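# Report on the structure
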Amino acid sequence: MKIAVITGASSGMGQEFARQLKKQERFDEMWVIARREDRLFTLKEELGIPMRILPMDLTQKESFAQYKELLKKEQPTISLLINASGFGRFGRYDAISIEDSLEMIDLNCKAVVAITELSLPYIEEGGRILQVDSLSAFQPVPYLNVYGSTKAFILSYSRALKAELKDRKIHVMAFCPGWVQTEFFNRAEAAEKKVITYFNKIFTAQEVVACALKDLKKKRSVCVPSWQNKLQVLGVKLLPTALVLKIWMKQQKFD
Ligand SMILES: NC(=O)c1ccc[n+]([C@@H]2O[C@H](COP(=O)([O-])OP(=O)(O)OC[C@H]3O[C@@H](n4cnc5c(N)ncnc54)[C@H](OP(=O)(O)O)[C@@H]3O)[C@@H](O)[C@H]2O)c1
């Protein structure tokens, strides 16, 4: 049984990956993971393809044991793994609770590592891993401090893993979009005081996911959709970090 596994498929980019993949590839089953089971069932109905609904909270260790057991029982061949579950919180260091900060690390880092490593024994030669990362991976991001740091971890993890998996001919790509209009903002902006006030450009999930799937076919190791965001990455590489931080702080007009 050849499958695709998508975490975070109940909304935003994860859901959009499922939609666009249906048009591009055939799998015997798509396995979709998120907490909101109802949303996953709605997606299954909408797409009308064989889909296994896996309601899991990926901040809970039991979910990893459950996933491991399922893989052992079904012995699937994983052709594509997409880790899209994740969340961020905008706010000054003292406005974000320790619980929220640790949960970001649990979901954005630990869960990605756990799902990736549990999946690896089942990923076939020629298989692909797409980690939904972020533009914030490339620079320190005040007021998105912990979130940005989790994404820097994913960039480093993905690049190194790609090198390690060369022998097995498994491709790994870190997908690093800028701002994307999704439910991400509902949770990110929950703090009373708005600290992130400047958004250079907000993309649709359709636009960036189409770009990610194209770059995955080209076997890129990092996908940064749009020339605006590519320019930003280049600027961050060339400029001193202190200057990059100064520009960011000025843009946000935080008082
Ligand atoms: N939107 C942006 O501007 C942006 C930019 C760059 C990168 N990203 C990254 O893109 C990824 C997808 O985010 P999105 O923008 O598509 O936001 P989204 O619409 O909020 O989607 C987040 C997904 O993560 C799932 N999720 C959240 N907590 C979970 C948990 N504890 N266990 C399992 N699944 C969980 C959600 O499902 P349930 O709530 O049903 O569990 C949902 O399906 C994230 O990693 C995010 O950091 C977003």
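The model shown is predicted, which means the values in this text are computed figures rather than measured ones.

Next up on the list: the pattern of salt bridges. A full pass over the atoms with the stated rule returns 13 salt bridges. A salt bridge links E16 to R19, with the nearest nitrogen and oxygen atoms 3.7 Å apart. Highlighted residues: E16 and R19, both in helix α1 (residues 12-24), separated by 3 residues, approximately one helical turn. Here K73 ties to E74 by a salt bridge, and the two come within 3.5 Å at their closest N and O atoms.

Within strand β4 (residues 77-83), 6 of the 7 residues are buried, which leaves the element mostly enclosed by the surrounding structure. Looking at chain direction, strand β1 (residues 2-7) and β4 are connected through 6 bridges and run parallel. The partner of I6 across the bridge, within β4, is I82. Bridging between β4 and strand β5 (residues 123-132) involves 5 bridges; their strand directions are parallel. Pairing of L80 across the sheet is with R128, part of β5. The handedness of the β4 to β5 crossover, carried by helix α4 (residues 98-119), is right-handed.

Even without being glycine, Q75 reaches a positive phi, approximately 45°. The backbone of S226 sits at a positive phi, close to 80°, despite the residue not being glycine. Note that S226 resides in the loop between β9 (222-223) and α8 (227-238).

This part covers a nonpolar patch on the surface. Where nonpolar side chains cluster on the molecular surface, the patch consists of W227, L231, L234, L238, L239, L243 and I247 and spans about 730 Å² of accessible area. Sorting the residues of the nonpolar patch by element identifies α8 and α9 (241-252) as the ones contributing at least two each. Element by element, the count of residues in the nonpolar patch is highest for α8, at 4 residues. As for its placement among the helices and strands, L234 is situated in helix α8. Residue classification places L234 among the partly exposed positions, given a relative accessible area of 46%.

Scanning the model with the defined rule gives 11 aromatic pairs in all. With a centroid separation of 6.5 Å and an interplanar angle of 35°, the aromatic rings of F90 and F199 are classed as tilted. Residue F90 is found in the loop between β4 and α4, and its partner F199 is found in the loop between α6 (184-188) and β8 (202-203); the two are separated by 109 residues along the sequence. You can call F199 partly exposed: its relative accessible area is 23%. Both rings, one in F184 and one in F185, keep their centres 5.7 Å apart while their planes meet at 85°; by these two values the pair is edge-to-face. The side chain of R187 reaches across the aromatic face of F87, ending 3.5 Å from its centre. The lysine or arginine in question, K201, covers the ring of F203, its NZ or CZ lying 5.1 Å from the ring centre.

Reading the values: the criteria
Residues numbered from 1 in each chain as written. Predicted model: local features only at pLDDT ≥ 70, side-chain atom pairs only at ≥ 80, totals over all residues. Heavy atoms only, no water. Salt bridge = Lys/Arg side-chain N within 4 Å of Asp/Glu carboxyl O. Helix = DSSP H or I, 4+ residues; strand = E, 2+ residues; numbered from the N terminus. Buried < 20%, exposed > 50% of the residue type's maximum accessible area, 1.4 Å probe, protein only. Pairing = 2+ DSSP bridges. Right-handed = clockwise from strand over helix to strand, strands pointing away. Patch = residues over 30% accessible without salt bridge, like charges linked within 9 Å, V, L, I, M, F, W, Y side chains within 5 Å. Areas by Shrake-Rupley, 256 points an atom, 1.4 Å probe, with all protein chains shown as cover. Phe/Tyr/Trp six-rings, centres within 6.5 Å; stacked < 30°, edge-to-face > 60°. Lys NZ or Arg CZ within 6 Å of the ring centre and 35° of its normal.

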